[in-house]
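A look at the structure
Letter by letter, the chains look like this.
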Amino acid sequence: MTIEIDNLRISFGDKEVVKGVSFKVAQGASFGIVGESGSGKSTVLRAMAGLNNHWSGRIAFSGEDAPLKRPPAFFRKVQMVFQDPYGSLHPRQTIDRILSELPLVHGMNDIDARIARVLSAVALPQSARFRFPHQLSGGQRQRVAIARALIAEPQVLLLDEPTSALDVSVQAEILNLLADLRVEQNLTYVMVSHNLSVISHLCSHVGVMIDGHMVEQVTAEDLRLGNVQHAHTRELRTLSVELEEPA
Amino acid sequence: MLVEIQNLHIGFQSRTGFAPAVKGVSLKLGTEKLGIVGESGSGKSLTARALMKLLPKQTRIEADRLAFDGIDIMSASEREMRQIRGKRAGFILQDPKYSLNPVKTIGSQVAEAWRTHKGGSKRQALEAAITLLEQVKIRDPKKVAGSYPHEVSGGMGQRVMIAMMLAPDPELLIADEPTSALDATVQAEILRLIEELVSERGMGLLLISHDLPLVSHFCDRVAVMYAGRVMEELKASELLSAQHPYTRGLLNCMPSLIHPKERLPVLTRDPEWLK
Ligand SMILES: Nc1ncnc2c1ncn2[C@@H]1O[C@H](COP(=O)(O)OP(=O)(O)OP(=O)(O)O)[C@@H](O)[C@H]1O
Ligand SMILES: Nc1ncnc2c1ncn2[C@@H]1O[C@H](COP(=O)(O)OP(=O)(O)OP(=O)(O)O)[C@@H](O)[C@H]1O
Ligand SMILES: [Mg+2]
Ligand SMILES: [Mg+2]
């Protein structure tokens, strides 16, 4: 699905936190969002996912305007992976139960086999299935959150810091998995991350946010080469490049 | 020595039998910055929790020595632990928002952390809390002090936890992925603040992180964990040129901004590493 966001504004009470954001994502492409902490990145994703009703502007998937209240079928096609995996996994449900929920709601068949497949896709042992979230490590919980989004076979994935709790070896497996799925199933991604290396690996285009505005959009290639305009983009890039140099 | 861990073992009884998670970890920490990196699920967080005696009841734990500033943690009472936790040793948990109280404002929680250890009036504590929030680079700290945890962003929650843990001037700071939700500019500021505390007040830091470049630049030493064990311990500045095949494998998996890779190499795990 293509995604179009036009002049998106979002407020909490009388405080506007997203102040007219616009971007487009082609079908099968990935758009990355980076930027200041508190600038509204998660809020944009939540509104796209239909989890916030206080927005104005335009959010469209495949050219169709999304209504404030989304129909149930929408939640199968568009899935979100939350920034805070612990908070988004029900503490008293086993991983098995958590992963069964969406397939049950949408009347999917072969749930058992689906769970087994999706666990191995995110490199979790089958033994994780009957544990509770608090019995897993931070990175294992994050992988459960990714598995839960994948199991519904969505067409759009909204990923909020999907690999921030993963060690780089598991991160590589997940990023490769996301890249493969995008090719095989023509998925479209919007991903928020603070890690420019991760963003530029998966996304061809990147938007930079400060204080509710998307102040710049660049291609990953231009970000690499340093062809950027805004001071914040340049600063983020410099810090990232400095870290890559040996200590 | 601030922290001594010798031959630490942690395991869980499950329906299918006993599952060991930490298998003989030994670490020492003085007034320095020790990084712990390594595989997800390798026991990094459990090791840190053991040190604060924060493991679930049914956990099986054994160690030749587990000590904080000479105090034997294995035999310490809950009362003794309360003297250490949140006062002499701050612990920033991996899931920051989960460890904040959802029904209390951020300001009152930071103020409480400050007041428990420093005393003073409520008003003084709230003022101190706002200064602390400012120190961790929160924009508009007054407004954030009046917000509830669900009203702040991921990175703001992480910084609130950091502010709370720094409030009582701890001698040891255990930080489990403290900056994973922060953009690079804020991360740099927070690390500068922690650095100051380490060098000026002689605090010790145990930093658990997946960010190898960050650990390599920021810490003094680093321990690399895999499958419940420490694979190697080395000078942090030498991390990016480490020789152990597991560490090399990890480094190889990293995406890079300046040297893009078409596809990321994945790690081939070798049973030899566990011999
Ligand atoms: N439920 C809410 N009620 C009130 N304010 C909120 C709420 N959720 C978010 N905010 C505010 O909206 C702003 C943007 O938050 P958001 O979570 O989108 O930031 P972010 O860019 O994702 O930051 P981070 O990188 O730290 O996760 C912040 O100032 C936050 O305090
Ligand atoms: N309460 C528990 N019951 C059973 N197993 C547990 C429990 N807590 C942790 N484990 C297991 O112990 C292992 C080590 O967990 P730990 O949280 O220390 O990992 P970690 O190194 O911090 O990983 P990450 O980088 O993903 O946070 C994991 O395999 C985890 O599933
Ligand atoms: Mg966020
Ligand atoms: Mg952990």
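**A word on the site of ligand 1**
In the region of ligand 1, 20 residues are neighbours, and Ser37, Gly38 and Thr43 of chain A together with Ser153 and Gly155 of chain B sit closest. In this structure ligand 1 sits where residues from chains A and B come together. Gln83 of chain A is positioned such that a nitrogen or oxygen atom in its side chain is 2.9 Å from an oxygen atom of ligand 1. A distance of 2.7 Å separates an oxygen atom of ligand 1 from a polar atom in the backbone of Gly155 of chain B. Coverage of ligand 1 by the protein chains reaches 87% of its 640 Å² of free accessible surface. Among the elements of the structure, β2 (15-25) and α1 (41-48) of chain A together with α6 (154-166) of chain B are those that each provide at least two residues to the shell around ligand 1.

**Quick word on the interface of chain A and chain B**
At the junction of the two partners, chain A supplies 52 residues and chain B supplies 49 residues. A combined buried area of about 4,000 Å² lies between chain A and chain B, and 58% of that area is made up of carbon and sulfur atoms. Put simply, chain A and chain B have 4 salt bridges between them. For Glu173 of chain A, the salt bridge is made with Arg269 of chain B, and the minimal N-O distance between the two is 3.4 Å. At the boundary of chain A with chain B, the tally comes to 19 residue pairs in polar contact (both at pLDDT 80 or more). Within the residue set of the side of chain A that touches chain B, elements represented by two or more residues are α6 (138-151), α7 (168-185), α8 (196-202), α9 (220-225) and α10 (231-244) of chain A. Broken down by element, the side of chain A that touches chain B gets its largest block of residues, 10 residues, from α10 of chain A. Residue classes in the side of chain A that touches chain B are distributed as 18 nonpolar, 18 polar and 16 charged.

**Some thoughts on the site of ligand 2**
Around ligand 2 lies a shell of 19 residues, among which Ser137, Gly139 and Gln140 of chain A together with Ser40 and Gly41 of chain B are the nearest. In this structure, ligand 2 is bordered by residues of chains A and B. Separating an oxygen atom of ligand 2 from a backbone N or O atom of Gly43 of chain B is a distance of 3.0 Å. One of the side-chain nitrogen or oxygen atoms of Ser45 of chain B is found 2.7 Å away from an oxygen atom of ligand 2. With the chains in place, 90% of the 640 Å² that ligand 2 exposes on its own is no longer accessible. Contributing elements (two or more residues each) for the shell around ligand 2: α6 of chain A together with α1 (44-51) of chain B. Across the shell around ligand 2, the residue classes break down as 4 nonpolar, 12 polar and 3 charged.

**Side note on the sheet that holds strand β1 (residues 3-12) of chain A**
Residues and elements named next belong to chain A. Spatially, the 4 strands line up as an open sheet ordered β2-β1-β4-β5, and their pairing is antiparallel. Each edge of the open sheet is held by one strand with a lone partner, namely β2 and β5 (64-65). Inspection of the sheet shows β1 paired to β2 by 8 bridges, in the antiparallel sense. Each residue of the ladder has a partner; that of Ile3, found in β2, is Val25. Set on the sheet, α1 makes contact with β1, β2 and β4 (55-61); between it and β1 the angle comes to about 115°.

Conventions and cut-offs
- The residue numbers shown here count from 1 along each chain, following its written sequence.
- Chain letters and ligand numbers both follow the written order, the letters beginning at A and the numbers at 1.
- The model is predicted, so local features are restricted to residues of pLDDT at least 70 and side-chain atom pairs to those at 80 or more, both for listing and for counting; the totals for chains, interfaces and linings are taken over all residues.
- Only heavy atoms go into the side-chain values, all of them from the structure, while hydrogens and water stay out.
- We define proximity as follows: a residue is near a molecule or strand when any one of its heavy atoms falls within 4 Å of that partner.
- Definition of a polar contact: a pair of N or O atoms within 3.5 Å, with one able to donate and the other able to accept a hydrogen when the atoms are protein atoms, and with sequence-neighbouring residues admitted only if both atoms are side-chain atoms.
- Note that accessible areas follow from Shrake-Rupley with a 1.4 Å probe, and for residues the cover is restricted to the protein chains shown.
- Per the convention used, a helix needs a DSSP run of H or I reaching at least four residues, while a strand needs a run of E reaching at least two, with both numbered from the N terminus.
- Whether two residues touch is decided by their heavy atoms; if any such pair falls within 4.5 Å, the residues are in contact.
- By convention, the term buried area covers the 1.4 Å-probe accessible surface removed from two parts as they join, with the contributions of both added.
- Each reported salt bridge corresponds to a side-chain nitrogen of Lys or Arg within 4 Å of a carboxyl oxygen of Asp or Glu.
- We call Asp, Glu, Lys and Arg charged. Ala, Val, Leu, Ile, Met, Phe, Trp, Tyr, Cys and Pro are nonpolar, and the rest, Gly among them, are polar.
- The pairing criterion for strands is at least two bridges between them, as found by DSSP.
- Helix axes are fitted only over the stretch in contact, all axes being lines through C-alpha atoms; the angle between N-to-C directions runs from 0 to 180 degrees.

Everything listed here is a matter of coordinates, which is why it stays silent on function.
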